[in-house]
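Single-letter residue listing:
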Amino acid sequence: MLELLLLPVLVIFGLSFIKSPKTHKPLAFISFLILLPSAQLLRLPKPFHLLGDYLVVDDLNAYVLFVSSIVGIGVALALMTLDKHVKVSKNAYRRFYRFFAIFWVGLIFSILSNHMGIYWIGLELATLSTVYMIKTNHSNAAHKEAWNYMIVGAIAISLILFGIILIYASAKPILGEDAMNFNLLLAHAKEIKSPFLFEIGFAIASVGMFVKMGFFPMNLWLANIERASFYPVAALFSGILESAVIIGFFRFSKIAMEVNYNHLFTFVFIYTILTIFIVSFLIFRTKDFMRLFSLSGVEHMALIALFWVSGGTFAALLHFGAHAFLKPALFLSTGVLESNGKYRIAGALKGYKGKKGTLFWFLVSLFLLAVISLPPSPMFFSEIYGFGAMINVAKSGHHLLAMMGAILILLILLSIIFYKFVEVYQSMKYEGEEHSKKVYASELFSLVIFALALIALITPPVMNYLKGIS
Amino acid sequence: MVDFFIGLFLASLITALFTTRLYRLLMWYSFNSLTLGILALLIGTELEDNAMLITGVATILIKAVGIPYFLKSFSQKFHFVRQITPEIKVQYAIMLIPAILVFTFYLAEPITNMIANNSNYVAISISSLFLSLLLMMEHKNVAPKIVGFLSMENSLFLLGITATDGMPMLVELGIFFDLLMAIVVINLLFNREEMKNA
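Parameters and conventions
Residues numbered from 1 in each chain as written. Chains lettered and ligands numbered in written order. Predicted model: local features only at pLDDT ≥ 70, side-chain atom pairs only at ≥ 80, totals over all residues. Heavy atoms only, no water. Helix = DSSP H or I, 4+ residues; strand = E, 2+ residues; numbered from the N terminus. Rg over C-alpha atoms; globule rule 2.2 N^0.38 Å. Buried < 20%, exposed > 50% of the residue type's maximum accessible area, 1.4 Å probe, protein only. Areas by Shrake-Rupley, 256 points an atom, 1.4 Å probe, with all protein chains shown as cover. Lys, Arg positive; Asp, Glu negative; His and termini not counted. Charge placed at Lys NZ, Arg CZ, Asp CG, Glu CD. 1 Å grid on protein atoms, 1.4 Å probe; cavity = no way out; pocket = protein on both sides within 12 Å on 5 of 7 lines; lining within 4 Å. Points joined across faces, edges and corners; volume = space filled by probe spheres on them. Nonpolar A, V, L, I, M, F, W, Y, C, P; charged D, E, K, R; others polar. Contact = heavy atoms within 4.5 Å. Expected span 1.5 Å × (residues − 1). Buried area = accessible area lost by both parts, 1.4 Å probe. Salt bridge = Lys/Arg side-chain N within 4 Å of Asp/Glu carboxyl O. Polar contact = N/O pair within 3.5 Å; in protein donor to acceptor, adjacent residues only side chain to side chain. Axes fitted to C-alpha atoms, helices over the stretch in contact; angles between N-to-C directions. Parallel < 35°, antiparallel > 145°, perpendicular 65-115°, else oblique. Left-handed = near helix turned anticlockwise from the far one by under 90°.

Q: Help me understand the overall build of chain A, please; the structure alone is not making it clear to me.
A: Helix and strand content of chain A: 20 helices and 2 strands. Taken over the C-alpha trace, chain A has a radius of gyration of 21 Å; the compact-globule value for 470 residues is 23 Å, and the two agree within 12%. Projected onto its principal axes, the C-alpha coordinates of chain A cover approximately 65 × 55 × 45 Å. Among the 470 residues that make up chain A, the fraction classed as buried is 64%. A total of about 16500 Å² of accessible surface is found on chain A, and carbon and sulfur atoms cover 67% of it. Averaged over its 36 positive side-chain charges, chain A has a centre that lies 10 Å from the centre of its 23 negative ones.

Below you can see the structure in the form of structure tokens.
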């Protein structure tokens with residue numbers, strides 16, 4: 001099965017060396033093939049040992065990989081018409097695919113790993129490969145941001161490794177070299193003799209992961225990078241790379257819950273609320289699509305982390321799935337809306353005629369309203385379940401009133417974001433001048449895939465699958 | 001003997017912080033990696049850990065010889081600016097570096113109390129991590145920032161061999177692979193770009 005997962009990636013890598021102007025079209029279709037083994041992994045009995053104890057498939061990582069492979073297809077489709085919207089050379093195209101393949105190898109290993117070390121190696125590989133993807137845009141801003149990403153990303157990933165070493169040091173006396181194994185560590189978490197050492201390691205690794213996701217105090221670095229790079233890179237960041245980061249947080253925090261739940265909850269609660277507080281005001285001041293969606297991504301990742309540590313596994317995973325589909329869809333739409341460097345929000349949705357044009361603005365409107373949790377968006381349901389989980393935690397901890405206050409503050413902050421998105425949508429639809437604009441079939445097809453995936457998230461079989469993940 | 005090499009490891013990193021020439025900085029990074037490799041060999045021999053011996057040899061070959069050689073050839077190929085003056089003045093750095101060392105020893109005390117063996121080494125690795133961060137922060141040029149990132153990786157490797165008596169072999173080799181990948185990406189980032197500010 002691992003061969004099937006890696007085969008399309010290796011084919012893409014090999015084909016990217018062929019100097020033919022038509023290479024990028026088959027490459028996009030080969031990206032589809034990653035979906036087949038990912039879908040098969042969902043159906044297999046769990047846990048399924050893909051590579052000994054190193055790569056083990058369970059319900060959680062099978063779901064994350066499946067969601068990521070759908071996002072990968074959407075991005076590959078949008079890549080087909082990248083040169084219609086921005087200036088990109090054929091060489092840069094091929095190199096983009098080469099690093100896209102390396103990115104996938106890193107992701108497959110980090111998502112499916114049951115080993116802290118392999119998780120880190122996969123994440124580092126994926127991070128390094130995205131550096132070059134940012135550079136595909138031959139602008140000074142992209143060059144600067146590629147270096148910025150390389151350096152800040154390296155610091156973040158080093159913090160994660162630092163945390164892993166401390167966690168390993170805390171568990172090695174009882175588990176030996178198996179202390180790197182997530183499942184074993186979870187089973188023996190209560191036996192760890194130095195819980196403080198584990199918690200320090202967890203806190204440092206979490207800060208590394210939070211920096212990678214743009215949490216406090218690094219709220220703007222990701223937004224600047226996504227602004228400077230081509231839009232498929234932003235879609236890959238928000239839809240796939242952040243999935244690999246958050247699954248690491250899920251794994252580590254699951255163990256931390258066993259070691260000392262109260263410490264974990266307080267740490268993540270304060271960190272995420274602080275992040276959402278700052279991000280909501282940054283969103284309010286935003287003047288372009290990319291930064292708007294990027295900062296909104298930070299807000300959603302913070303909510304996912306908060307729901308997860310509150311025990312709302314279902315809410316966190318539903319929110320994660322919805323975010324993984326909505327954000328790349330919005331980033332890819334941005335590529336069309338900002339076609340040829342026109343960054344204006346006013347009237348951005350005007351001028352799309354014909355069946356394709358109408359479907360495009362309808363889908364963009366749908367995504368914009370869904371990302372601010374208007375029902376029946378999956379995000380609406382996930383937030384209801386998530387806040388419910390937070391209240392349940394407060395009830396068991398006898399601090400219900402404080403939690404109600406925190407939820408009220410959260411709702412006020414979310415309403416600021418809601419207001420900004422509605423204002424942006426109204427400006428896109430009803431203000432500005434109307435110019436004739438074009439949308440291509442492959443882009444539309446990718447948006448339709450994301451819309452169908454979103455609808456599928458709220459169907460009973462998917463809901464039941466997510467509820468079954470403990 | 002281990003104490004002596006740990007001291008050399010820290011001393012080479014501190015010297016690197018005051019360096020104003022690029023090739024000298026690469027030389028100090030190479031020396032820092034060499035002491036790290038020798039430390040891995042010494043601790044590996046003491047623990048009879050073959051995996052640590054292999055990683056020690058790999059450290060010397062890749063980090064002490066390979067990476068400085070490639071970075072030097074990049075600097076010649078892409079005409080790096082070789083005068084790299086730190087943004088923090090020497091008189092302030094002289095006060096800041098001991099302050100970081102004292103602060104990290106104090107900060108690391110609860111951690112070192114829980115580690116049975118080599119607890120002082122763990123504190124040194126953590127302070128090296130902070131010093132590597134300082135190296136990244138005190139330069140505007142890209143090349144010293146890369147050396148800072150590589151030194152940070154060395155500090156983490158030292159933490160791995162001292163706090164845990166060695167990480168699993170698979171992880172060590174994976175880290176080496178990622179480091180080589182980083183060098184490839186750095187080469188591509190420099191490629192065909194104006195190097196006025198590099």
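Don't stop here, the text continues.
Q: Looking at this structure, I do not really get empty space enclosed by the protein. What am I missing?
A: One simple way to see leftover space: roll a probe sized like a water molecule over the atoms. Under the defined criterion, the tally for this structure stands at 10 cavities of 30 Å³ or more. In this structure, the largest cavity spans a volume of roughly 70 Å³. Around the largest cavity, the lining residues are A:W120, A:E124, A:I157, A:S158, A:L161, B:F149, B:E153, B:L156, B:I175, B:D178 and B:L179. Elements represented by at least two residues in the lining of the largest cavity include exactly α7 (116–135) and α8 (140–175) of chain A together with α7 (142–163) and α8 (169–190) of chain B. A breakdown of the residues in the lining of the largest cavity according to their chemical character gives 7 nonpolar, 1 polar and 3 charged.

Q: Even after reading the chapter, I still don't get the environment of A:G214, so can you show me in this structure?
A: Relative to the assigned elements, A:G214 resides in the loop between α10 (195–212) and α11 (221–228). Beyond its immediate sequence surroundings of up to four residues, A:G214 is in contact with A:N219, A:W221, A:L222 and A:V298.

Q: It is not clear to me how helix α15 (residues 313–337) of chain A should be interpreted in this structure. Could you clarify?
A: Taking 1.5 Å as the rise per residue, α15(A) with 25 residues should run 36 Å; its terminal C-alpha atoms sit 35 Å apart, in good agreement. Across the 25 residues that make up α15(A), a large majority, 25, are buried.

Q: I keep staring at the side chain of A:R251 and nothing clicks. Help me out?
A: Mapped onto the fold, A:R251 is located in helix α12 (residues 231–259). In contact with A:R251, other than residues within four places in its own chain, are A:D58, A:L60, A:N61, A:I111, A:S113 and A:F182.

Q: For this particular structure, what's the right way to read the layout of surface pockets?
A: The space that makes up the second largest pocket amounts to roughly 440 Å³. Along the wall of the second largest pocket there are 18 residues; nearest its centre are A:L159, A:F162, A:I204, B:L107 and B:F130. Contributing elements (two or more residues each) for the lining of the second largest pocket: α8 and α10 of chain A together with α5 (109–114) and α6 (119–137) of chain B. Examining the composition of the lining of the second largest pocket, we find that 5 residues originate from one element, α10(A), more than from any other.

Q: For this particular structure, what's the right way to read the environment of A:I134?
A: Residue and element names in this part refer to chain A. Here I134 shows up in helix α7. The exposure class of I134 is buried, given its relative accessible area of 0%. For I134 and S229, which are 95 residues apart along the polypeptide, the C-alpha to C-alpha distance reads 4.9 Å. Those residues in contact with I134 that sit more than four places away from it in its chain are A142, E145, A146, Y149, I225, S229, V233 and F237.

Q: Any chance you could explain the interface of chain A and chain B here in plain terms?
A: Every contact between the two is made by 38 residues of chain A and, on the other side, 38 residues of chain B. The contact between chain A and chain B buries some 3500 Å² in all, and 82% of this surface belongs to carbon and sulfur atoms. Across the chain A-chain B interface, the total number found is 0 salt bridges. The interface formed by chain A and chain B contains 1 residue pair in polar contact (both at pLDDT 80 or more). Where the side of chain A that touches chain B is concerned, the elements lending two or more residues are α6 (90–112), α7, α8 and α10 of chain A. Counting residues per element, the side of chain A that touches chain B draws most heavily on α8(A), which supplies 15 residues. A breakdown of the residues in the side of chain A that touches chain B according to their chemical character gives 26 nonpolar, 7 polar and 5 charged.

Q: Looking at this model, I keep getting lost on the environment of A:N392. Mind explaining?
A: By the secondary structure assignment, A:N392 is in helix α17 (residues 378–397). Overall, the relative accessible area of 46% leaves A:N392 in the partly exposed class.

Q: I tried to follow the packing of α11(A) against α12(A) on my own but got confused; where do I start?
A: Residue and element names in this part refer to chain A. Running from N to C, α11 and α12 point in directions that differ by 135°, and their axes come no closer than 8 Å. In terms of their interaxial angle, α11 and α12 are classed as oblique. The segment α11 lies against α12, with L222, I225 and E226 engaging A234, F237, S238 and E242. Of the residues in the contact of α11 with α12, the class split is 4 nonpolar, 1 polar and 2 charged.

Q: Sorry, what's going on with the side chain of A:E145 here?
A: Turning to its location among the elements, A:E145 is positioned in helix α8. Looking at A:E145, the relative accessible area reads 8%, which means it is buried.

Q: I tried to follow the packing of α6(A) against α12(A) on my own but got confused; where do I start?
A: The axes of two packed helices give the description: the angle between them and the distance between them. Residues and elements named next belong to chain A. Interaxial distance between α6 and α12 falls to 10 Å at its minimum, and their mutual angle equals 15°. Our classification of the angle between α6 and α12 gives roughly parallel. Where α6 crosses over α12, the handedness of that crossing is left-handed. Where α6 approaches α12, its residues F96, F100, F103, W104, L107, S110 and I111 are matched on the opposing element by P232, V233, L236, I240, L241, A244, I247 and R251. Residue classes in the contact of α6 with α12 are distributed as 13 nonpolar, 1 polar and 1 charged.

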